[in-house]
Amino acid sequence: MTDPEILAGHSQEVRRGSVVVASLLLLRRPGYGYGLLEALAAAGVPVDANTLYPLLRRLEKQGLLVSEWNTDEARPRKFYRTSPEGDALARSLLDEWLATARSLQTIDSQEGTS
């Protein structure tokens, strides 16, 4: 059985890249940071707020997200939306992710046959 600490570390590495793809996919519909945290957790991609907010700023700086402030409520919220460039990147990264998953499944299924 795998040491839980070792498993947690490697699982975190696997999830790290998926947070970018999942965020870009989810933000095709405008959303704000806390709502995105909840949506990611509900989708099985939990992420810490201290990780997500810097990621959102980085993706915005790269032109992959656009944002605007909603001041209609008592507390202003910054809403993010995936840009066309971000959507294209999300599609490419998802294709890469799926191809990698297929390769790993092939390796796993052949592992017992050699």
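Now for a look at the structure at hand. Along each chain, numbering runs from 1 in the same order as the chain's sequence is written. The predicted origin of the model limits local features to residues at a pLDDT of at least 70 and limits the giving and counting of side-chain atom pairs to 80 or more, whereas totals for whole chains, interfaces and linings rest on all residues. Side-chain measures here rest on the full set of heavy atoms in the structure, leaving out hydrogens and waters.

1. Points about the overall build of the chain
Numbering of helices and strands runs from the N terminus, with a helix taken as a DSSP run of H or I at least four residues long and a strand as a DSSP run of E at least two residues long. When you go through the chain residue by residue, the secondary structure sums to four helices and three strands. Its C-alpha atoms give the chain a radius of gyration of 17 Å, more than 25% over the compact-globule value 13 Å for 114 residues. Expressed as lengths along the three principal axes of its C-alpha atoms, the size of the chain is roughly 65 × 30 × 20 Å. Looking at the chain as a whole, 25% of its 114 residues qualify as buried. Contacts between residues were defined by any pair of non-hydrogen atoms, one from each residue, lying within 4.5 Å. In the chain, once contacts between residues fewer than 6 apart in sequence are set aside, the share between residues at least 24 apart is 48%. Carbon together with sulfur atoms contributes 54% to the accessible area of the chain, which is approximately 8,200 Å² in total. For this measure, only C-alpha atoms enter the radius of gyration; the expected value for a globule follows 2.2 Å times N^0.38, where N is the number of residues. Buried, partly exposed and exposed residues are distinguished by accessible area as a fraction of the type maximum, computed with a 1.4 Å probe on protein chains only: under 20%, between the cut-offs, and over 50%, respectively. Here the accessible surface of atoms and residues is derived via Shrake-Rupley with a 1.4 Å probe, and residues count as covered only by protein chains that are part of the display.

2. Brief notes about the side chain of Ser18
Structurally, Ser18 can be placed in helix α1 (residues 4-26). By relative accessible area, Ser18 is classed as buried at 16%. Ignoring any residue separated from it by four or fewer positions in sequence, one finds Ser18 in contact with Val45 and Trp97.

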